[in-house]
Each structure stands twice: as structure tokens, then as C-alpha cells.
Amino acid sequence: MVLLGLIVGLVVLVDLVNKLMTGQVSSSTLFVYVWRGVVNGLVIGLAGVGLSMTYSILNFANFAHGDYITSGAFAGWVATWVVAGFGIADIGSLLVLGAGGDVFSSQLGTSVLRAPLAIVVGLVVAGLGAIALSLLIDRLVYKPMRNQDGIALLIASIGVAFILRYMLVFVFGTSVRSVAETPPAVRGTIGGLEYGFGYHEITLAVCAIALMLGVHLLLQRTKLGKAMRAMSDNQDLARVTGIPTERVIRWTWIIGAGLAGVSGYLLILESGTIAYNRGWILLLLIFAAVILGGIGSIYGAIFGGLVIGLTDTVSQVWLPSEFTQAAAFALMILILLFKPNGLFSGRTTA
């Protein structure tokens, strides 16, 4: 099986080089695919960190995680519109993100260039909103079920996901709308290679990398991080040794949901449009990244997100865009045939 995987990888690499040499694919196009893959992978990896932490410490797959992403994104963009549109549009229209069609993102200038303060406020509110929501749901739903098995919690999380999604539909409707203005990209050439970086793509990449580094330092250098790793390894032993497990669980929700909300906001900032089911659609790719990296591994979630993101975009060299996600899942299956526990199996929480 390993030999088969190496042969497949070599064939793909040789074919890619051949396409570049014969001009079937330009180096600039490949650069765009790779850059888009990295950007998408950072969003998936950032959101996957929270999902992986929840699984490793609470021991259940939280299917509401995608709707934490969406809810945080909506909260953040409402804050952005209110700050950017203060004195420009009616507050009611701003609070529902222009659902009535009487105000648009182009009027408000919701971009990192025209409204940087509004973007920063929205980013903070997205994280805080998702944190508040996750703590409330934990108190009402998950905490009373703490001693039940993972299947019961998983089913409960699916119910929570549907409730959150249709609450968003009730307030904001089902239409996809533009909430972020797209500023011009930074363009140039290096050694004959044309490049283009969108300001929002750069913002996403910088924020995602900074947050991932922050999570690494928290887990490796702080007392809370050591307690999290201890609970991930053996929750009963951690409780016996005096680790305050409920406080660790609360911080797990805070960090995981905060990252989910921020990743949702950055995803919408980069794409420019928002919809009630955006996080739910992304959740499948997040699960793929977490499984590929190794369930419970933070580094695995990050690496898995990058692999899924790159495969999703670079596979456009061979496949129509409608089939690229299938290629990402096919790669996940191929890798799991060789490493059933994921690429970072055995590395839990850190």
C-alpha cells in the first residue's frame, strides 16, 4: 500500500511538471492555486483546532461547531456594520445586515482599508459572541449530560446545530448577501512570476498564524495548557491529582469557540458574502482535516487543514472546480489507509 501511494504521488508530480513545461498550466496560475489553498487551509485549520480540543478533552464530536462559526461570524459582522455605518444608515438596517435591501457594503466601505476600526471591532465581537454562546449552551445542554457517553452528546450537538441555524434564519433570512467590500489586490512580478495578494487574504493569514502560535504557547508554556494536556491524556487521573476539571472544560469552550468565531469572521471577510449555513458547509472539511491530522491533535488539525485546503485548490489543475472537494476527501482516505489514526496520531492536544 505504501508503494502504491508513492507511485500515485510520483505520477501526479511528474504530470504537474509536464503541464508546467508544456504550458498547459502557467506558473502564475499554479501560484494562485497554492496561495488560495494556503488561505483556505488556514481557515479550516484554525476552526479545526477548536473542534480537536473539544474532542480530546470532552470526548465527543461537536456537530454544533460549524454553527458556532456562523453565529460568531454574524455577530462580528453586525458589529462591523454598526461601527462602519453609524450615522450613514438606519440602525435597524445595520443590525440585520441590510436584509431589507436599503444599505450595502459598498456604501459602508467595510474593508481593512476603508474601515479598519470596524473590522477590528467585528473580529473581537465574533470571538466573544461565539464564546458567550458556547458557554451558555454548555451550561444548558452539555454540563447536565457530562457523565453520559459520547453518542448522547453527539446527538445533542446535532440538535443544538439545527436550533442555532434556524435562529439565524429567523433573524437574518436565508439569502446570501455581501457584507464586505473587496479592496484592490497587491500585484507585481518576481522573476517573471506574476503574483496577487488580496488585503483580506493577507489579514486572514496573519491573524490565523498569530492565533495558532498563541494556542501553541498557551498549551506548552502555561499552567492551564499543562492541565489541558493532562485531562486529554487521562481525565480521571487529572481529577485525582487536583486539577479543576470543570474550569479546564470551561476554558476549552472559551478557546475553541473563540477560534471558531474568529475563523468564521475571517472567512466572510475574505469571501465577502455571508449565509446562515456557511459554517455547516465548512464543517465537513473541518472534520476531514481533524481526522486526517489525528483526532485530538492540535498540530494535526492545523496540518490537516493545510493539506485539505491545498488539495481542494491545486486539484483544479486536473479536475473541474465542482469536483475538487472530492479530491480532498479522496486524499484523506488514501492517507488513512496508511496511517489509520491520522498523521499526528498519538499527539493529543499539543
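Residues numbered from 1 in each chain as written. Predicted model: local features only at pLDDT ≥ 70, side-chain atom pairs only at ≥ 80, totals over all residues. Heavy atoms only, no water.

### Observations regarding the overall build of the chain
Line of reasoning, step 1. Helix and strand content of the chain: 14 helices and four strands.
Line of reasoning, step 2. For the chain, the C-alpha radius of gyration of 21 Å lies close to 20 Å, the compact-globule estimate for 350 residues.
Line of reasoning, step 3. Expressed as a percentage of the 350 residues in the chain, the buried residues total 49%.
Line of reasoning, step 4. Contacts in the chain between residues far apart in sequence, at least 24 positions, make up 75% of those at least 6 positions apart.
Line of reasoning, step 5. Element-wise, carbon and sulfur atoms account for 68% of the exposed surface of the chain, whose accessible area totals about 16300 Å².
Line of reasoning, step 6. Side-chain charges in the chain split into 19 positive and 15 negative, and the spacing between the mean points of these groups amounts to 11 Å. (Helix = DSSP H or I, 4+ residues; strand = E, 2+ residues; numbered from the N terminus. Rg over C-alpha atoms; globule rule 2.2 N^0.38 Å. Buried < 20%, exposed > 50% of the residue type's maximum accessible area, 1.4 Å probe, protein only. Contact = heavy atoms within 4.5 Å. Areas by Shrake-Rupley, 256 points an atom, 1.4 Å probe, with all protein chains shown as cover. Lys, Arg positive; Asp, Glu negative; His and termini not counted. Charge placed at Lys NZ, Arg CZ, Asp CG, Glu CD.)

### Focus on the UniProt feature "transmembrane region" (unreviewed entry) in the chain
Line of reasoning, step 1. The sites that carry the UniProt feature "transmembrane region" (unreviewed entry) are, in the present numbering, residues 38–61, 73–97, 117–138, 150–173, 202–219, 280–310 and 317–338.
Line of reasoning, step 2. End C-alpha to end C-alpha, residues 117–138 measures 32 Å, and it is 100% helix and 0% strand.
Line of reasoning, step 3. Within the segment residues 317–338, helix and strand shares are 68% and 0% respectively, and the terminal C-alpha atoms sit 25 Å apart. (UniProt positions renumbered as here; feature names shortened; annotations may be inferred.)

### Brief notes about the packing of helix α3 (residues 65–85) against helix α11 (residues 245–271)
How two helices pack is summed up by the angle between their axes together with the distance between the axes.
Line of reasoning, step 1. Two numbers describe how α3 lies on α11: the axes approach to 7 Å, and their chain directions differ by 60 degrees. Classified by the angle their axes make, α3 and α11 are oblique. Here α3 runs over α11; the crossing is right-handed. Between α3 and α11, the contacting residues are His65, Tyr68, Ile69, Gly72, Ala73, Gly76, Trp77 and Thr80 on the first element and Trp253, Gly256, Ala260, Gly261, Ser263, Gly264, Tyr265, Ile268 and Leu269 on the second.
Line of reasoning, step 2. Residue composition of the contact of α3 with α11, grouped by class: nine nonpolar, eight polar and no charged. (Axes fitted to C-alpha atoms, helices over the stretch in contact; angles between N-to-C directions. Parallel < 35°, antiparallel > 145°, perpendicular 65-115°, else oblique. Left-handed = near helix turned anticlockwise from the far one by under 90°. Nonpolar A, V, L, I, M, F, W, Y, C, P; charged D, E, K, R; others polar.)

### As for unusual backbone geometry
Line of reasoning, step 1. Even without glycine at this site, Asn59 takes up a positive phi of about 65 degrees.
Line of reasoning, step 2. Along the chain, Asn59 falls in the loop between α2 (27–58) and α3.
Line of reasoning, step 3. Although it is not a glycine, Leu97 adopts a positive phi angle of roughly 55 degrees.
Line of reasoning, step 4. Relative to the helices and strands, Leu97 resides in the loop between α4 (91–95) and α5 (105–108).
Line of reasoning, step 5. On the accessibility criterion, Leu97 (1% relative accessible area) is buried.

### Looking at the pattern of salt bridges
Line of reasoning, step 1. Inspection of the entire model under this criterion finds six salt bridges.
Line of reasoning, step 2. The salt bridge partner of Asp67 is Arg165, with a shortest N-O separation of 3.0 Å. Taken as a pair, Asp67 in helix α3 and Arg165 in helix α7 (residues 150–172) lie far apart in primary sequence, 98 residues in all.
Line of reasoning, step 3. On the basis of relative accessible area, Asp67 is assigned to the buried category, the value being 0%.
Line of reasoning, step 4. We note a salt bridge from Arg146 to Asp138, for which the minimum N-O separation is 2.8 Å.
Line of reasoning, step 5. Looking at Asp138, the relative accessible area reads 7%, which means it is buried.
Line of reasoning, step 6. Overlapping salt bridges, with partners in common, bring together Arg36, Glu201 and Glu270 in one network. (Salt bridge = Lys/Arg side-chain N within 4 Å of Asp/Glu carboxyl O.)

### A few points about a nonpolar patch on the surface
Line of reasoning, step 1. Together, Leu113, Val186, Tyr199, Ile202 and Val206 make up an exposed nonpolar region whose accessible area comes to about 390 Å².
Line of reasoning, step 2. Examining the composition of the nonpolar patch, we find that three residues originate from one element, helix α8 (residues 199–221), more than from any other.
Line of reasoning, step 3. Within the secondary structure layout, Leu113 lies in the loop between α5 and α6 (116–142).
Line of reasoning, step 4. Among the residues examined, Leu113 registers a relative accessible area of 46% and is labelled partly exposed. (Patch = residues over 30% accessible without salt bridge, like charges linked within 9 Å, V, L, I, M, F, W, Y side chains within 5 Å.)

### So, the nonpolar core
Line of reasoning, step 1. Core analysis: the biggest nonpolar cluster contains 91 residues, and Tyr68, Trp77, Leu97 and Tyr142 have the highest contact counts within it.
Line of reasoning, step 2. The residues touching Leu97, leaving out its near neighbours within four places in the chain, are Phe74, Trp77, Val78, Trp81, Phe172, Arg177, Val179 and Ile274.
Line of reasoning, step 3. Leu16, Val25, Leu30 and Val317 belong to the second largest nonpolar core, which has six residues in total. (Core = buried A, V, L, I, M, F, W, Y, C linked by side-chain atoms within 4.5 Å.)

### Quick notes on the confidence of the model for the chain
In low-pLDDT segments, the atomic positions of the prediction should not be examined closely.
Line of reasoning, step 1. With 94% of its residues at a pLDDT of 70 or more, the chain shows a mean pLDDT of 86.
Line of reasoning, step 2. In this model, residues 346–350 is a region of pLDDT below 50 whose contacts with residues beyond four sequence positions or in other chains number 21 contacts. (pLDDT = per-residue confidence, 0-100.)

### Some words on the packing of aromatic side chains
Line of reasoning, step 1. Across all of its chains, the model carries eleven aromatic pairs by this definition.
Line of reasoning, step 2. Measuring from centroid to centroid gives 5.7 Å for Phe31 and Phe197, while their planes differ by 85 degrees, and the two rings are edge-to-face. In this pair, Phe31 is assigned in helix α2 and Phe197 in strand β3 (residues 193–197), connecting sequence segments 166 residues apart.
Line of reasoning, step 3. Its relative accessible area of 23% is what places Phe31 among the partly exposed residues. (Phe/Tyr/Trp six-rings, centres within 6.5 Å; stacked < 30°, edge-to-face > 60°.)

### Overview of a positive patch on the surface
Line of reasoning, step 1. Taken together, the side chains of Arg139, Lys143, Lys223, Lys226, Arg247 and Arg250 make up a positively charged region of the molecular surface.
Line of reasoning, step 2. Put simply, the parts of the chain that give the positive patch at least two residues each are α9 (223–233) and α11.
Line of reasoning, step 3. Structurally, Lys223 is set in helix α9.

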